[in-house]
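What follows is each chain in one-letter form.
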Amino acid sequence: MIKENIDNFKKKIPENVTLVAVSKTKPISDLQEAYDAGQRIFGENKVQEMVEKYDALPKDIQWHMIGHLQRNKVKYMAHFVDLIHGVDSLKTLDEINKQAAKHDRVIKCLLQASIADEDTKFGLAFDEIRSILESKVIADMKHISIVGLMGMATFTENEAQINSEFSSLKNFFDELKKSNPTLQILSMGMSGDYEIAIKNGSTMIRVGSSIFGHRNYIV
Ligand SMILES: *Cc1c(COP(=O)(O)O)cnc(C)c1O
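This one's a predicted model, so the numbers in the text were calculated from it and none came from an experiment.

**Things to note about the site of the ligand**
- With respect to spatial proximity, the complete set of residues near the ligand consists of V22, K24, I66, M150, M152, M190, S191, R206, V207, G208, S209 and R215.
- Between the ligand and K24, the relevant distance is 2.7 Å, taken from an oxygen atom to a side-chain nitrogen or oxygen of the residue.
- About the coverage of the ligand: the protein hides 90% of its 390 Å² of free accessible area.

Have a look at this one:
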């Protein structure tokens with residue numbers, strides 16, 4: 001089942017779109033099945049769970065932290081995390097930079113933009129993202145690399161609304177890229193809205209339930 005789902009996704013998404021298999025709450029055996037089907041990028045939203053899975057699984061997996069990040073947890077994943085999707089403050093970037101330095105690594109980060117009209121979703125306003133990218137302190141953080149943006153659309157059936165939220169993020173991303181060539185990744189789209197996200201220029205989709213089935217609890 002998991003293998004079929006992954007094969008199907010690979011067939012239906014364009015080549016320039018990266019699939020992150022969101023495996024939060026799922027057992028190691030499910031991740032192993034996805035791995036055996038060729039999947040190498042996994043997304044988790046809890047640091048401790050990601051560390052346990054990292055320890056148990058093959059070391060050529062790229063681990064993405066997709067959830068809201070608590071600064072005091074960065075140190076537990078700094079030796080292996082590949083990409084952190086949900087960065088929403090300079091303080092967090094500073095902590096990631098410090099912890100990455102201890103391991104002599106550069107950790108890739110995405111700034112999370114607030115595009116949904118729900119206040120439960122974390123993220124930065126567009127002008128806050130601009131000022132982070134322009135700030136002098138960022139230039140001195142040698143152990144992080146801001147490689148793109150991430151956004152989550154409003155949880156709604158209204159496709160026109162989802163479309164306009166993704167479209168606004170894509171336009172902003174394109175505008176930023178002109179002066180920030182290191183921005184390459186636009187992470188948007190999940191099981192329910194990845195098609196709309198891809199239509200709007202997403203380069204990375206984060207898919208959980210459409211690969212692994214429904215989660216037993218909401219996290
Ligand atoms: C859980 C989660 C996903 C995947 O959600 P599905 O609807 O199961 O595909 C994607 N992005 C984030 C940030 C998540 O927390």
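**Here we look at the pattern of salt bridges**
- Summed over all chains, the structure comprises eight salt bridges.
- Residue D60 is joined to R40 by a salt bridge in which the shortest nitrogen-to-oxygen separation is 3.2 Å. Of this pair, D60 sits in the loop between α3 (47–56) and β3 (62–65) while R40 sits in the loop between α2 (28–36) and β2 (41–44); the two residues are 20 residues apart in sequence, bridging distant segments of the chain.
- Among the salt bridges present, the one from K53 reaches E49, with a minimum N-O distance of 2.8 Å. You can see K53 and its partner E49 sitting in helix α3, four residues apart, about one turn around the helix. Judged on exposure class, the residue K53 and its partner E49 are both buried.

**Topic: unusual backbone geometry**
- A positive phi angle, close to 75°, is found at T25, a residue other than glycine.
- Relative to the assigned elements, T25 resides in the loop between β1 (18–22) and α2.
- Residue D104 is not a glycine yet carries a positive backbone phi of 55°.
- Secondary-structure assignment places D104 in the loop between α5 (90–102) and β5 (107–113).

**Thoughts on α5**
- If you check α5, its first and last C-alpha atoms are 19 Å apart, about what 13 residues at 1.5 Å a residue would give, namely 18 Å.
- Listed as buried for α5 are T92, L93, E95, I96, N97, Q99 and A100.

**Comments concerning the nonpolar core**
- L93 and L111 are the most contacted members of the largest nonpolar core, which has 62 residues in total.
- Setting aside chain neighbours within four positions, we find L111 in contact with H85, V87, L93, L124, I129, I132, L133, I146, G148, L149 and M150.
- One finds L83, V147, I185 and M204 within the second-largest nonpolar core, a separate group that totals eight residues.

**Notes on the packing of helix α1 (residues 2–12) against α2**
- Where α1 meets α2, the axes come as close as 9 Å, and the angle between the chain directions of the two elements is 45°. Regarding the angle of α1 to α2, the classification is oblique. Pair α1 / α2 crosses with right-handed handedness. Packed against α1, whose contacting residues are I2, K3 and I6, the element α2 presents D30, E33 and A34 at the interface.
- Taken together, the residues of the contact of α1 with α2 sort by class into three nonpolar, no polar and three charged.

The rules behind the values
- One numbering rule holds for all chains: residues counted from 1, following each sequence as written.
- This being a predicted model, a pLDDT of at least 70 is required before a residue's local features are given, and a value of 80 or more before pairs of side-chain atoms are given or counted; all residues contribute to the totals for chains, interfaces and linings.
- Neither water nor hydrogens contribute to the side-chain values; these are computed over all heavy atoms in the structure.
- Any residue with a heavy atom lying within 4 Å of a molecule or strand is counted as near it.
- Within 3.5 Å is the distance limit for a polar contact, defined as a pair of N or O atoms, with the added protein rule that one can donate a hydrogen and the other accept it, and that residues adjacent in sequence qualify only through two side-chain atoms.
- Every accessible area reported is derived by Shrake-Rupley at a probe size of 1.4 Å, with residue values counting cover from the shown protein chains alone.
- We define a salt bridge as a side-chain nitrogen of Lys or Arg found within 4 Å of a carboxyl oxygen belonging to Asp or Glu.
- Helix and strand assignments follow DSSP, with helices taken as H or I runs no shorter than four residues and strands as E runs no shorter than two, numbered in order from the N terminus.
- Between buried and exposed lies partly exposed: a residue is buried under 20% and exposed over 50% of the maximum accessible area for its type, with that area taken using a 1.4 Å probe on protein chains only.
- In this analysis, the expected span of each helix is defined as 1.5 Å times one less than the number of residues it contains.
- Here, nonpolar core refers to any group of buried Ala, Val, Leu, Ile, Met, Phe, Trp, Tyr and Cys residues whose side-chain atoms link them within 4.5 Å.
- The contact criterion used throughout is that any non-hydrogen atoms of two residues lie within 4.5 Å.
- Here an angle of 0 to 180 degrees is reported between the N-to-C directions of two axes, which are lines fitted to C-alpha atoms, with helices fitted over the stretch in contact.
- With respect to orientation, any angle under 35 degrees is reported as roughly parallel, any angle over 145 as roughly antiparallel, any angle of 65 to 115 as roughly perpendicular, and every other angle as oblique.
- The hand of a helix crossing depends on one turn: near helix anticlockwise from the far one by less than a right angle means left-handed, and clockwise means right-handed.
- When residues are sorted by character, Ala, Val, Leu, Ile, Met, Phe, Trp, Tyr, Cys and Pro go into the nonpolar class, Asp, Glu, Lys and Arg into the charged class, and all the rest, Gly among them, into the polar class.

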